[in-house]
There are 2 protein chains.
Amino acid sequence: METSKLLANVYASTCPSRQVLDLIGDKWAALIIGLLEDGTKRFSELQRSIGGISQKMLTQTLRNLERDGLISRMIYPEVPPRVEYTLTPLGETLCVPLGAIRDWAEEHINDVVAAQRGYDGRE
Amino acid sequence: METSKLLANVYASTCPSRQVLDLIGDKWAALIIGLLEDGTKRFSELQRSIGGISQKMLTQTLRNLERDGLISRMIYPEVPPRVEYTLTPLGETLCVPLGAIRDWAEEHINDVVAAQRGYDGRE
């Protein structure tokens, strides 16, 4: 499958854009990118700000985001070493679409919970 | 955790909006909602249009979307029974934000693949 801009198609299982959709749909990725929108952050700041994320999951998600070119990682040779994460210009292009998704989740949670209760009640 | 509109916070592990973020981030959900944006579809039409989705995964994702109030399911008493899926008004509110995510994946796939190659090359 060509990866040309014009031919990319998330509906084709073999198109690499399908994997990208999977990555950016990941809730941890969406939360991390939302935090980095406000500026560079250390690992510990990210961990503190995202309720319930494990050290392992945060490490793995940051590595994936770096590999995909969405964030950059800077290591400062201090004792202990300081490691900071920043959105790349490519990562910044995701802020608006991902922000809209996070906002949707927060704005419509009551409707979703009500629908779930109705569905579960009629089963 | 209150589910009031003002208090919902996707960064809190106990907030139900976190689960909603997980649901709408699911790539299958994003693809299904994108297809229903064009109008009501049968199960078989959805399956044909989404490369690589299994019958089981499509069934499960449609059930989740129905439970969350994003799609409705109509069964017509024909032989064999005809089953159709349609976006609810709540589901329609997701079309724009999810469309932006799908578009991003298709538009930026070349940048992401290039970043991945660079990352893998320096390891």
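Residues numbered from 1 in each chain as written. Chains lettered and ligands numbered in written order. Predicted model: local features only at pLDDT ≥ 70, side-chain atom pairs only at ≥ 80, totals over all residues. Heavy atoms only, no water.

Student: Go over unusual backbone geometry with me, naming the residues and quoting the values.
Tutor: Residue A:P80 is bonded to the preceding A:V79 through a cis peptide linkage, with omega at -5°. Secondary-structure assignment places A:P80 in the loop between β2 (71-76) and β3 (82-87). (Helix = DSSP H or I, 4+ residues; strand = E, 2+ residues; numbered from the N terminus.)

Student: Break down the relation of the copies chain A and chain B for me, citing the residues and quoting the values.
Tutor: Structural alignment of chain A on chain B gives an RMSD of 0.0 Å, achieved by rotating through 180° and translating 0.0 Å along the axis. The symmetry that links the two subunits is that of a two-fold axis. No C-alpha of chain A approaches the rotation axis more nearly than that of A:G25, which lies at 2.0 Å. Here 100% of the interface residues in chain A have copies in chain B that are interface residues too; the copies meet face to matching face. (Least-squares fit on C-alpha atoms with pLDDT ≥ 70 in both. Contact = heavy atoms within 4.5 Å.)

Student: Outline the sheet that holds strand β1 (residues 41-42) of chain B, listing residues and values.
Tutor: Residue and element names in this part refer to chain B. The 3 strands are arranged β1-β3-β2 in an open sheet whose pairing can be described as antiparallel. Sheet topology places β1 and β2 (71-76) at the edges, where each strand pairs with a single neighbour. In this sheet, strand β3 (residues 82-87) lies alongside β1 in antiparallel orientation, the contact comprising 2 bridges. Each residue of the ladder has a partner; that of R42, found in β3, is E84. The sheet contacts of helix α2 (residues 27-36) involve β1, β2 and β3, and relative to β3 the element is tilted by about 95°. (Pairing = 2+ DSSP bridges. Axes fitted to C-alpha atoms, helices over the stretch in contact; angles between N-to-C directions.)

Student: Tell me about the packing of α2(B) against helix α6 (residues 95-121) of chain B, and please be specific about residues and values.
Tutor: All names here are of chain B. Two numbers describe how α2 lies on α6: the axes approach to 10 Å, and their chain directions differ by 115°. In this structure, α2 crosses over α6, and the sense of that crossing is left-handed. On the side of α2, the interface is formed by A30, L31, I33 and G34, while α6 contributes C95, L98 and R102. Looking at the contact of α2 with α6 residue by residue, the class counts come to 5 nonpolar, 1 polar and 1 charged. (Left-handed = near helix turned anticlockwise from the far one by under 90°. Nonpolar A, V, L, I, M, F, W, Y, C, P; charged D, E, K, R; others polar.)

Student: Can you explain the pairing of β2(B)? Please cite residues and give values.
Tutor: Residues and elements named next belong to chain B. Relative to β3, β2 runs antiparallel, the two sharing 6 bridges. Residue pairing in the sheet places I71 in a bridge with L87 of β3. Between β2 and the antiparallel strand that follows it, β3, lie 5 residues.

Student: Would you mind going over α2(B) in detail, with residue names and values included?
Tutor: Counting buried positions over the 10 residues of α2(B) gives 10, a clear majority of the element. Sitting at the amino-terminal end of α2(B) is B:D26, which places a side-chain oxygen 3.1 Å from the backbone nitrogen of B:W28. (Buried < 20%, exposed > 50% of the residue type's maximum accessible area, 1.4 Å probe, protein only. Polar contact = N/O pair within 3.5 Å; in protein donor to acceptor, adjacent residues only side chain to side chain.)

Student: So what's going on with the sheet that holds β3(A)? Which residues, and what values?
Tutor: Residues and elements named next belong to chain A. Taking strand neighbours across the sheet as the criterion, the 3 strands line up as β1-β3-β2 in an open arrangement whose pairing is antiparallel. Each edge of the open sheet is held by one strand with a lone partner, namely β1 (41-42) and β2. Sitting on the sheet, helix α2 (residues 27-36) touches β1, β2 and β3, and the angle it makes with β3 is about 95°.

Student: Residue-level account of the pattern of salt bridges, with values.
Tutor: Oppositely charged side chains are able to pair whenever their charged atoms sit close together. Counted by the stated rule, this structure contains 8 salt bridges over all chains. One salt bridge connects A:R82 with A:E84, and the closest N-O pair in it is separated by 2.7 Å. Across the pair B:R67 and A:D120 runs a salt bridge whose closest N-O atoms are separated by 2.8 Å. Of this pair, B:R67 sits in helix α4 (residues 55-67) while A:D120 sits in helix α7 (residues 109-121), which puts the two residues in different chains. The partly exposed category is assigned to B:R67, whose relative accessible area is 28%. Given a relative accessible area of 35%, A:D120 falls into the partly exposed group. Here the residues in one salt-bridge network are A:E78, A:R82 and A:E84, joined through shared partners. (Salt bridge = Lys/Arg side-chain N within 4 Å of Asp/Glu carboxyl O.)

Fair warning: the whole summary comes from geometry, so function is off the table for now.
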